[in-house]
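Below, each chain spelled out in residue letters.
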Amino acid sequence: MDIEHVRSRFIKHFDGTTGAVYVAPGRINLIGEHTDYNGGYVLPGAIDKGIMAEVKPNGTDMVRAYSIDMKDYVEFGLGEADAPRASWARYIFGVCREMIGCGVEVKGFNTAFAGDVPLGAGLSSSAALESVYAYALNDLFGENRLDKLQLARVGQRAEHNYCGVQCGIMDQFASLFGQKGNLVRLDCKTMDYQYMPFQPQGFRLVLLDSTAKHELASSAYNDRRRSCEAVVAAVQKRHPAVEYLRDCSMDMLDEVKADITSDDYRHAQYVIEEVQRVLDVCDALQKGDYETVGQKMYDTHHGMSRLYEASCPELDFLNDVAFDCGVTGSRTMGGGFGGCTLNLVKEELYGTFVGQAREVFAQRFGRQLKVYDVAISDGARRVD
Ligand code: GLA
């Protein structure tokens with residue numbers, strides 16, 4: 001992401017003046033998938049890819065927004081009736097509305113933005129877009145009155161209320177709280193968090209993007225969430241203290257087996273196991289035991305594929321390739337139903353693995369795999 005690139009387009013597109021420039025990153029998640037909206041733990045980190053936006057108040061009530069990458073321009077007012085059609089602009093509109101809902105006096109502004117976080121790859125390009133505007137509007141119109149957690153919730157609500165995905169808090173949290181060289185262990189029930197240094201000597205993290213896109217990914221995601229809530233409702237009849245699946249044991253789940261569907265049972269089993277895996281991985285990381293970390297990643301993949309049914313043929317294939325090559329850990333990352341696998345690979349195996357994956361993937365699916373190296377980086381900030 002290059003500030004000169006964004007700035008030159010901002011100058012060209014608007015009145016020749018400059019504004020303030022902000023960035024917010026995408027994220028990876030080492031482990032803990034579909035646990036956030038179940039009150040469980042996650043272990044994400046911000047990455048060195050994200051979205052950069054230049055923003056300048058324009059003295060009107062209109063937002064004038066230019067997407068540099070899509071070469072698309074949208075104008076909207078700040079009232080509820082003005083929601084734009086273009087999906088990228090709905091994220092910005094949603095953030096404006098939610099900031100106003102938090103008492104920030106958002107006024108009209110000009111903005112241009114660009115990004116290098118791949119879209120639809122499970123790296124949270126949408127959270128990066130929400131976070132960059134939440135951060136910017138808080139700075140420009142809110143005297144930074146909202147804290148980072150409030151900004152993360154603004155992004156999450158924008159996604160719920162204007163973009164149709166009932167997401168958890170992980171992505172926005174990581175984009176705002178990220179810290180270079182650290183993963184964040186977040187307890188999504190209490191919102192307590194700790195930074196965990198992550199610099200595994202002798203290993204690299206690599207993402208393999210299957211470029212598979214599930215058309216109904218957001219409705220499948222929302223379905224899984226409903227499935228988890230149905231199980232919680234059944235368990236609560238016997239155990240009123242249970243708030244989330246995170247509070248359930250496998251014994252509790254078995255008690256209600258006859259009251260829920262077999263799909264819901266499997267989905268809940270995955271979540272209960274995944275919550276524990278995050279804790280196991282945190283222990284292993286503290287001991288520098290990357291073999292255990294990697295094993296748990298494979299377990300997550302199998303759970304997501306067979307129990308949660310959030311994988312797809314491309315991702316299962318890439319997971320098998322990793323295993324056959326002797327890669328330490330590999331799994332579907334993010335919401336699933338397409339996107340990337342995250343791989344924890346020994347340095348010396350990196351070249352062979354990536355070469356092999358590219359070759360067999362192209363043979364099997366007739367298209368090219370995309371490969372991304374990521375570094376764990378800082379969260380949202382002003383950069384000009
Ligand atoms: C998406 C959502 C997150 C989280 C993950 C799955 O990225 O936005 O809140 O639920 O899927 O772990």
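Here the structure is a predicted model, which is why all the values come from computation and not from measurement. (Residues numbered from 1 in each chain as written. Predicted model: local features only at pLDDT ≥ 70, side-chain atom pairs only at ≥ 80, totals over all residues. Heavy atoms only, no water.)

**Student:** Can you walk me through helix α11 (residues 350-365) in this structure?
**Tutor:** An α-helical turn contains 3.6 residues, so a residue and the one three or four places further along point in the same direction. For α11, which comprises 16 residues, the first-to-last C-alpha distance of 22 Å matches the rise-based estimate of 22 Å (1.5 Å per residue) to within 8%. Taken together, the buried positions of α11 are Y350, F353, V354, A357, V360, F361 and F365. What you see down the axis of α11 is that its buried residues fit within an arc of 150°, all on one side. Away from its buried face, by an angle of more than 90 degrees, α11 presents the exposed residues T352 and Q363. Where α11 is buried, its residues meet β9 (203-209), α10 (313-325), β11 (340-346) and β12 (370-373). Phi turns positive one or two residues past the end of α11, at G366, with a value near 70°. (Helix = DSSP H or I, 4+ residues; strand = E, 2+ residues; numbered from the N terminus. Expected span 1.5 Å × (residues − 1). Buried < 20%, exposed > 50% of the residue type's maximum accessible area, 1.4 Å probe, protein only. Arc of directions from axis to C-beta. Contact = heavy atoms within 4.5 Å.)

**Student:** How do you make sense of the environment of H13 when you look at a structure like this?
**Tutor:** Structurally, the position occupied by H13 is in helix α1 (residues 3-13). Sequence separation between H13 and A112 is 99 residues, and the spatial gap between their C-alpha atoms is 8.2 Å. Filtering out sequence-adjacent residues up to four positions away, H13 remains in contact with Y66 and Y73.

**Student:** When you look at the packing of aromatic side chains in this model, what are you seeing that I'm missing?
**Tutor:** What describes a pair of aromatic rings is the distance from one ring centre to the other and the angle between the planes of the rings. This structure, assessed with the given rule, holds 19 aromatic pairs. Between F109 and Y133, the ring centres sit 6.4 Å apart and the planes meet at 25°, which makes this aromatic pair stacked. With F109 in strand β6 (residues 109-115) and Y133 in helix α3 (residues 125-141), this residue pair connects regions lying 24 residues apart in the sequence. Exposure class is identical for F109 and Y133. Each is buried. (Phe/Tyr/Trp six-rings, centres within 6.5 Å; stacked < 30°, edge-to-face > 60°.)

**Student:** Looking at this structure, how should I read the site of the ligand?
**Tutor:** If you check the shell around the ligand, you find R27, E33, H34, D36, Y37, C167, G168, M170, D171, Y221, G334 and G335 and nothing else. Here an oxygen atom of the ligand and a side-chain polar atom of D36 are 2.5 Å apart. Summarising the interface, the protein chains cover 93% of the accessible area of the ligand, which totals 310 Å² for the free molecule. Taking a 2 Å distance to the grid points as the criterion, the majority of the atoms of the ligand fall inside the largest pocket. (Near = heavy atom within 4 Å. Polar contact = N/O pair within 3.5 Å; in protein donor to acceptor, adjacent residues only side chain to side chain. Areas by Shrake-Rupley, 256 points an atom, 1.4 Å probe, with all protein chains shown as cover. 1 Å grid on protein atoms, 1.4 Å probe; cavity = no way out; pocket = protein on both sides within 12 Å on 5 of 7 lines; lining within 4 Å. Sits in = over half its atoms within 2 Å of the grid points.)

**Student:** Looking at this model, I keep getting lost on the sheet that holds β6. Mind explaining?
**Tutor:** Hydrogen bonding along the main chain pairs the strands of a sheet, whether they run parallel or antiparallel. On the basis of which strands lie adjacent, the open sheet formed by 6 strands has the order β5-β4-β6-β3-β1-β13 and mixed pairing. What marks the edges here is a single partner per strand, and that holds for β5 (72-77) and β13 (381-382). Looking at chain direction, strand β4 (residues 62-67) and β6 are connected through 5 bridges and run parallel. Across the sheet, A65 pairs through a bridge with T111, a residue of β6. In this fold helix α2 (residues 87-101) packs onto β4, β5 and β6, with an angle of close to 30° to the strand it touches most, β5. Its contacts with the sheet put helix α5 (residues 170-177) on β1 (20-29) and β3 (44-57), and the angle it makes with β1 is roughly 125°. (Pairing = 2+ DSSP bridges. Axes fitted to C-alpha atoms, helices over the stretch in contact; angles between N-to-C directions.)

**Student:** Help me understand the sheet that holds β9 in this model?
**Tutor:** Here we have 4 strands laid out as an open sheet, ordered β10-β11-β9-β12, and antiparallel in their pairing. Only two strands of the sheet have a single partner each, and these edge strands are β10 (329-332) and β12. Direction aside, neighbouring strands of the sheet carry axes that sit 20° apart on average. The sheet strands contacting helix α9 (residues 290-307) are β9, β10 and β11, and the helix crosses β10 at an angle near 25°. Along the sheet, α10 makes contact with β9, β10 and β11, crossing β10 at roughly 180°.

**Student:** Can you help me understand the pairing of β10 in this one?
**Tutor:** Within a regular beta strand, the side chains point alternately toward one face of the sheet and then the other, so they alternate between its two faces. Residues of β10 alternate between two faces, with G329 and R331 on one and S330 and T332 on the opposite face, all of them buried. Bridge count for β10 against β11 is 4 bridges, and the pairing is antiparallel. Looking at β11, one finds that T332 is bridged to T341.

**Student:** Just checking my understanding: could you explain the layout of surface pockets for this structure?
**Tutor:** To find leftover empty space, one rolls a probe the size of a water molecule over the atoms. Considering only enclosed or pocket space, the largest pocket measures out at about 1200 Å³ in volume. Considering the residues around the largest pocket, the lining is formed by 50 residues, among which Y91, G120, S125, S126 and E159 are closest to the centre. When contributions to the lining of the largest pocket are tallied by element, the ones reaching two or more residues are α2, β6, α3, α4 (148-162), α5 and α6 (217-236). The residue makeup of the lining of the largest pocket, split by class, is 23 nonpolar, 18 polar and 9 charged. Built from parts of two domains, the lining of the largest pocket gets at least three residues from each of domain 1 (3-199 + 378-382) and domain 2 (203-373). Put simply, the second largest pocket is a space of about 240 Å³. Taken together, 13 residues form the lining of the second largest pocket, with F198, P200, F203, V374 and A375 sitting closest to its centre. By residue number, the principal contributor to the lining of the second largest pocket is β9, which donates 3 residues. In the lining of the second largest pocket, the residues fall into 7 nonpolar, 4 polar and 2 charged. Per-domain counts for the lining of the second largest pocket show at least three residues from each of domain 1 (3-199 + 378-382) and domain 2 (203-373). (Points joined across faces, edges and corners; volume = space filled by probe spheres on them. Nonpolar A, V, L, I, M, F, W, Y, C, P; charged D, E, K, R; others polar. Domains from an automatic or database assignment.)

Shape is all these values report; function is a separate question.
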